[in-house]
Amino acid sequence: MTLGINTCFAVKRWTRPDDILRIVGEELGLQVCQLSVDNVPLADPRSAESREYVRRFAATCDTAGVELDSIFTGLAAYSTSLLLDDDEDARNAAEAWYESLIVLGGIAGVRSVGGHIGALSVPTASDPARRERAMDELRDRMLRLSQRAENEGLATLLFENMAVSREPGSVRENALALEGSLATASVPWQLCFDVGHPVAMASRDDDDALAPWFETRWKTNPMLQLQYSRPDADMHAGFDETDPAVGVNPTRVAAALAEGEWPNSSLFIEVMPAHEMRDDAVVPMLRRTVDVWTEVLA
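The structure presented is a predicted model; accordingly, all values stated were derived computationally and were not measured. (Residues numbered from 1 in each chain as written. Predicted model: local features only at pLDDT ≥ 70, side-chain atom pairs only at ≥ 80, totals over all residues. Heavy atoms only, no water.)

(A) Structural view of the pairing of strand β4 (residues 112–115). Going residue by residue along β4, you find S112 and G114 tucked away on one face and V113 and G115 tucked away on the opposite face as well. Judged from the 3 bridges that link them, strand β3 (residues 67–72) and β4 form a sheet pairing that is parallel. If you follow F72 over to β4, its bridge partner there is G114. In terms of strand pairing, β4 meets strand β5 (residues 156–160) through 4 bridges, oriented parallel. Each residue of the ladder has a partner; that of G115, found in β5, is F159. (Buried < 20%, exposed > 50% of the residue type's maximum accessible area, 1.4 Å probe, protein only. Helix = DSSP H or I, 4+ residues; strand = E, 2+ residues; numbered from the N terminus. Pairing = 2+ DSSP bridges.)

Below, the structure written as structure tokens:
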């Protein structure tokens, strides 16, 4: 297993690829990263400026000796309903947006792109017939995107288990069903398993909300994102000053990885420092988080 980091930590603090990758490689001692779309100009993968930024980021990765593994949707995209918007024109625009993200992946030469795929509105989620139609259409769109990903040379596309029940994949059974429904995809849709989200959705008396996910046999070994959350709070916090008895427990996660035989899974720290956090406190917090995970994964 390889430990890396999502570059969301750099949003609005460090924008130049060389500054971000100096932190990743030199200050955190990591050799793999996942680029967040939030880092590209205006968080918009469709622009010529974003394509140029990704070219520079990939070239800087080569210079810095840091592997660019994947590109992830980010928080700006998560603020939208993407492929599940109630409006058809908006869904078509979201599919074009995703195609642009796939093109960025091809430009950068990464293995995977993806993350958040969409959110059902409250009215659609509450109506079984509307929900079924929406999910059937989502599957068709995801299959088309997999064809584009094959053309761009990607190995997988990513769908994330979110922390809201109206978002596909948030519940283990739904994530498993979604993966199974995409078995004919030209490029596999791979679960990006955020360990904080099941914990955030769990009741406070749930001893181990992550266990069922690790016990499941997935068609494609999931990618993992590592962030601290606790019940009722999707925090994306670091692991330097947290209570593992209440939220995500790194020791338990490492043991479950070993027992679940996920030896080829990539792991990315996905910590989003608060905007009001002191700038000089961010990297030390990330360093301590890296140390925690390095120790339990050893």
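(B) Looking closely at the pattern of salt bridges. Counted under the stated rule, the structure contains 18 salt bridges. Of the charged contacts, one joins D140 and R139 as a salt bridge, the two residues approaching to 3.6 Å between their closest N and O atoms. Accessibility expressed as a relative area gives 37% for D140, which makes it partly exposed. Residue classification places R139 among the partly exposed residues on the basis of a relative accessible area of 29%. Here E152 ties to R148 by a salt bridge, and the two come within 3.6 Å at their closest N and O atoms. Residue E152 is classed as partly exposed on the basis of its relative accessible area of 26%. By sharing partners, the salt bridges in this structure join R91, E95, E137, R141 and R144 into a single network. (Salt bridge = Lys/Arg side-chain N within 4 Å of Asp/Glu carboxyl O.)

(C) Just the nonpolar core, in detail. Counting residues in hydrophobic clusters, the biggest one holds 81 residues, and the most contacted among them are I71 and L224. Among the elements that make up this core, the one with the highest residue count is helix α4 (residues 88–108) (7 residues). Once residues lying within four places of it in the same chain are set aside, the contact partners of L224 are F193, V195, F214, V253, L257, W262, S265, S266, L267 and F268. With 6 residues, the next largest nonpolar core counts V32, F72, M223 and F268 among its residues. (Core = buried A, V, L, I, M, F, W, Y, C linked by side-chain atoms within 4.5 Å. Contact = heavy atoms within 4.5 Å.)

(D) Molecular detail of the packing of helix α1 (residues 17–27) against helix α2 (residues 48–64). Where α1 contacts α2, the two axes come as close as 9 Å, and the packing angle between them is 40°. Judged by the angle between their axes, α1 and α2 are oblique. Between α1 and α2 the crossing geometry is right-handed. Between α1 and α2, the residues in contact are P17, D18, I20 and L21 and Y53, R56, F57, T60, C61 and A64, respectively. Looking at the contact of α1 with α2, its residues break down into 7 nonpolar, 1 polar and 2 charged. (Axes fitted to C-alpha atoms, helices over the stretch in contact; angles between N-to-C directions. Parallel < 35°, antiparallel > 145°, perpendicular 65-115°, else oblique. Left-handed = near helix turned anticlockwise from the far one by under 90°. Nonpolar A, V, L, I, M, F, W, Y, C, P; charged D, E, K, R; others polar.)

(E) Looking closely at α4. Compared with an ideal rise of 1.5 Å per residue, which puts 21 residues at 30 Å, α4 spans 30 Å between its outermost C-alpha atoms and is within 8% of the ideal. Those residues of α4 that fall on the buried side of the exposure criterion are R91, A94, E95, W97, Y98, S100, L101, I102, L104, G105 and A108. Looking at the buried positions of α4, the neighbouring elements they touch are α2, β3, α3 (74–78), β4, α6 (128–151) and β5. Between the side-chain oxygen of the N-cap and the backbone nitrogen of D89 there are 3.1 Å, and the N-cap of α4 in question is D87. Following α4 by one or two positions, G109 adopts a phi angle in the positive range, close to 75°. (Expected span 1.5 Å × (residues − 1). Polar contact = N/O pair within 3.5 Å; in protein donor to acceptor, adjacent residues only side chain to side chain.)

(F) Looking closely at the side chain of D194. Considering the arrangement of structural elements, one finds D194 in strand β6 (residues 189–194). No salt bridge is formed by the buried D194; its nearest oppositely charged neighbour, R230, is found at 14 Å. A polar contact is formed between the side chain of D194 and the side chain of Q227, at a distance of 2.9 Å. With sequence-adjacent residues up to four places away left out, D194 is seen in contact with E160, N161, Q225, Q227, H236 and E270. (Lys, Arg positive; Asp, Glu negative; His and termini not counted.)

(G) Structural context of unusual backbone geometry. Of note, the phi angle at L42 is positive, near 55°, even though the residue is not glycine. Within the element layout of this structure, L42 appears in the loop between β2 (32–36) and α2. One non-glycine residue, D232, lies in the positive phi region at around 75°. With respect to the secondary-structure elements, D232 resides in the loop between β8 (228–230) and β9 (233–237). D232 sits in the exposed class, given a relative accessible area of 62%.

(H) Region of the structure containing the packing of α4 against α6. Where α4 contacts α6, the axes come no closer than 10 Å and their chain directions differ by 25°. As the angle between them shows, α4 and α6 are arranged roughly parallel. Seen from above, α4 lies across α6 with right-handed handedness. In contact with E88, R91, N92, E95, Y98, E99, I102 and V103 of α4, α6 contributes E137, R141, R144, L145, R148 and A149. Residues belonging to the contact of α4 with α6 are distributed by class as follows: 5 nonpolar, 1 polar and 8 charged.

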